[in-house]
Amino acid sequence: MKRSVSLVAIAAVFAIGAAFTTKRQTGMWNVDHPEVNSPGIYYATFDQIKASFCPGVNNLECAYFISDRNVIVKKP
Amino acid sequence: MKKSTIVEIISSLLVFLFVYAALSKLLDFDKFKYQLGQSPFITHISRFVVWAIPLGEIAVSIALVIKRTRTAGLYLSFFLMLLFTGYIFIMLRYSSYLPCSCGGILSAMSWQQHFVFNLVFTLLSLLGIVVNNPTSNTITLRIRQTGKKPNT
């Protein structure tokens, strides 16, 4: 019984570590990705957009994470 | 492989998924809140859902870790995964705008990959329920008590 509890508990500990690690990786995507910092308007269809992030007020500038191709799009 | 080992492995996978998903959402809470507010089907209840989802995932994980509540945890996991998979299916079929409220590396998957991923975990939790079936445990208990297989 002890072993079964610890195996599931270990999975929980690993998950906590993985969440913090990927947080660091994904938290920087809108800052470091060259597409976001380059000027211009990038277009994509709505069904390609999986995640979006609009920093600042009034959603003036948004970064979009595109399915399949992993492209970030900036919209003024 | 022993039934209890299979249930352990399934529970561990589910705990990993739920803890990871819940923490990813809570660590990037503003982004998660914004994306959930954009969802065409749950905009009106997003204030409630934004807390209910990560806290629900943590609660289910705790239920899976404690052996006494593992059966309930497996049923709740199946319900949650069915809900998430159904939501993605509806979004893919009926919505033109598809914001993902998922966290961590899950947001890097395409919608199709995410749907299949959720479907696999839904089936896994169902398998966990079937393997962890209390009826089979009762039969095992009877065998141990009487020393011979019961007539069914």
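Not measured: the values here are computed from a predicted model.

### Considerations on the overall build of chain B
- Summing up its helical and strand segments, chain B has six helices and zero strands in all.
- Secondary structure of chain B in N-to-C order comes out as α-α-α-α-α-α.
- In chain B, which comprises 152 residues, the proportion classed as buried is 46%.
- On chain B, roughly 8,400 Å² of surface is accessible, and the fraction owed to carbon and sulfur atoms is 68%.

### A short note on the packing of aromatic side chains
Residues and elements named next belong to chain B.
- If you walk through the whole model with that rule in mind, you get five aromatic pairs over all chains.
- Summarising the aromatic geometry, the rings of Phe89 and Phe115 are spaced 6.1 Å apart at their centres and angled 35° between planes, so their arrangement reads as tilted. Remark: Phe115 occurs in helix 5 (residues 111–131) and Phe89 occurs in helix 4 (residues 70–94); sequence separation between them is 26 residues.
- Residue Phe89 is classed as partly exposed on the basis of its relative accessible area, which comes to 41%.
- Among the aromatic side chains, those forming a connected cluster through ring pairs are Phe29, Phe32 and Trp51.

### Regarding the confidence of the model for chain A
- Predicted confidence across chain A gives a mean pLDDT of 59, with 22% of residues reaching 70 or more.
- In the predicted structure, residues 25–34 of chain A sits below a pLDDT of 50 and forms twelve contacts with residues beyond four places in sequence or in another chain.

### Re the packing of helix 1 (residues 3–27) of chain B against helix 3 (residues 46–65) of chain B
All names here are of chain B.
- At a minimum axis separation of 9 Å, helix 1 and helix 3 run at an interaxial angle of 150°. What the angle tells us is that helix 1 and helix 3 run roughly antiparallel. As helix 1 packs across helix 3, the resulting crossing turns out to be left-handed. For the pair formed by helix 1 and helix 3, the contact residues are Ser11, Leu14, Val15, Phe18, Val19, Ala21, Ala22, Lys25 and Leu26 on the first element and Trp51, Ile53, Pro54, Glu57, Ile58, Val60, Ser61, Leu64 and Val65 on the second.
- For the contact of helix 1 with helix 3, the class distribution of residues is 14 nonpolar, two polar and two charged.

### Side note on the nonpolar core
- If you look at the biggest cluster of nonpolar residues, it comprises 34 residues, and the most contacted ones within it are B:Leu14, B:Phe18, B:Leu64 and B:Leu74.
- Breaking this core down by element, the ones donating at least two residues are helix 1 (2–26) of chain A together with helix 1, helix 2 (29–38), helix 3, helix 4 and helix 5 of chain B.
- Here the element with the most residues in this core is helix 1 of chain B; it accounts for ten residues.
- Ignoring anything within four residues of it in the chain, the contact list for B:Leu74 reads B:Val7, B:Ile10, B:Ser11, B:Leu14, B:Leu64, B:Ser125, B:Gly128, B:Ile129 and B:Asn132.

Basis of the calculations
Residues numbered from 1 in each chain as written. Chains lettered and ligands numbered in written order. Predicted model: local features only at pLDDT ≥ 70, side-chain atom pairs only at ≥ 80, totals over all residues. Heavy atoms only, no water. Helix = DSSP H or I, 4+ residues; strand = E, 2+ residues; numbered from the N terminus. Buried < 20%, exposed > 50% of the residue type's maximum accessible area, 1.4 Å probe, protein only. Areas by Shrake-Rupley, 256 points an atom, 1.4 Å probe, with all protein chains shown as cover. Phe/Tyr/Trp six-rings, centres within 6.5 Å; stacked < 30°, edge-to-face > 60°. pLDDT = per-residue confidence, 0-100. Contact = heavy atoms within 4.5 Å. Axes fitted to C-alpha atoms, helices over the stretch in contact; angles between N-to-C directions. Parallel < 35°, antiparallel > 145°, perpendicular 65-115°, else oblique. Left-handed = near helix turned anticlockwise from the far one by under 90°. Nonpolar A, V, L, I, M, F, W, Y, C, P; charged D, E, K, R; others polar. Core = buried A, V, L, I, M, F, W, Y, C linked by side-chain atoms within 4.5 Å.

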